[in-house]
Amino acid sequence: MTNTTHAIRSITATGLAAIMALSLTACMDGIKHPENYPADDSKTITATSNPQDISADQLGHTWPLTVDHGTVSCTHDAKGDPVMRFTAPDGTQYALNQTSDNKDLPDIDQLLANGKSTGTLTSFAFTVCDVK
């Protein structure tokens, strides 16, 4: 193997390792609760009740839905897994997660605005589950 080939392989391996480390760090960021990451510079969301009202004003630019407010609730199924739901202003309940208890509900993606993700809303729902 020539020195040039060895150098190219070494640079390629180092670059791939850096990309993998960066990707892993980016993935780990979504595991934390949303109160650790304010949606807008001065706004934080703290679950204080279950169910809890939530609005576009509270989540700011990360609000993912075509309606401007609703209620997030969380119960637990027989296995102890969270059953998270969003109730729209018209009273329709939507599944925030895929559990057997939510199988007959419409998926929250039906209210999803173009280009948005339900990640912040789902993370908030997990904090609602934590309210005792």
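Relevant structure appears above.
This text gives an overview of the structure that appears in the document. Here the structure is a predicted model, which means the values were calculated and not measured. (Residues numbered from 1 in each chain as written. Predicted model: local features only at pLDDT ≥ 70, side-chain atom pairs only at ≥ 80, totals over all residues. Heavy atoms only, no water.)

Describing the nonpolar core
So, step 1. If you look at the biggest cluster of nonpolar residues, it comprises 20 residues, and the most contacted ones within it are Ile54, Val72, Phe86, Leu96 and Leu121.
So, step 2. For this core, the elements supplying multiple residues, two or more each, are strand E2 (69–76), strand E3 (82–87) and helix H3 (119–130).
So, step 3. Broken down by element, the residue count for this core peaks at five residues, all from H3.
So, step 4. Residue contacts for Ile54: discarding those within four places in its chain leaves Leu59, Trp63, His69, Gly70, Val72, Phe86, Leu121 and Phe124. (Core = buried A, V, L, I, M, F, W, Y, C linked by side-chain atoms within 4.5 Å. Buried < 20%, exposed > 50% of the residue type's maximum accessible area, 1.4 Å probe, protein only. Helix = DSSP H or I, 4+ residues; strand = E, 2+ residues; numbered from the N terminus. Contact = heavy atoms within 4.5 Å.)

Re the state of the cysteines
So, step 1. What the rule picks out here adds up to one disulfide.
So, step 2. Between Cys74 and Cys129 runs a disulfide, and the two sulfur atoms are separated by 1.9 Å. Sign of the S-S torsion, about 95° for the bond between Cys74 and Cys129, identifies this disulfide as right-handed. Here the residue Cys74 occupies a position in strand E2, and Cys129 occupies one in helix H3, the gap between them amounting to 55 residues. Here Cys74 and Cys129 have matching classes, each one buried. (Disulfide = S-S within 2.5 Å.)

So, the pairing of E3
So, step 1. The pairing of E2 with E3 spans six bridges and is antiparallel. The partner of Thr71 across the bridge, within E3, is Thr87.
So, step 2. The antiparallel pairing of E2 with E3 creates a hairpin that spans five residues between the two strands, and Gly80 there sits at a positive phi of about 95°.
So, step 3. In this structure, E3 lies alongside strand E4 (residues 93–95), joined through three bridges in antiparallel fashion. Paired with Thr87 across the bridge in E4 is Gln93.
So, step 4. Between the end of E3 and the start of E4, which pair antiparallel, lie five residues, with Gly91 showing a positive phi angle near 95°. (Pairing = 2+ DSSP bridges.)

What about the sheet that holds E3?
So, step 1. Spatial ordering of the open sheet is given by E1-E2-E3-E4, a layout of four strands whose pairing is antiparallel. The strands lining the two open edges of the sheet, one partner per strand, are strand E1 (52–55) and E4. Strand after strand, the sheet turns through a mean of 35° between neighbouring axes, direction not considered.
So, step 2. In the sheet, E1 pairs with E2 via four bridges, with the strands oriented antiparallel. Paired with Ile54 across the strands is Gly70, a residue of E2.
So, step 3. Along the sheet, H3 makes contact with E1, E2 and E3, crossing E2 at roughly 50°. (Axes fitted to C-alpha atoms, helices over the stretch in contact; angles between N-to-C directions.)

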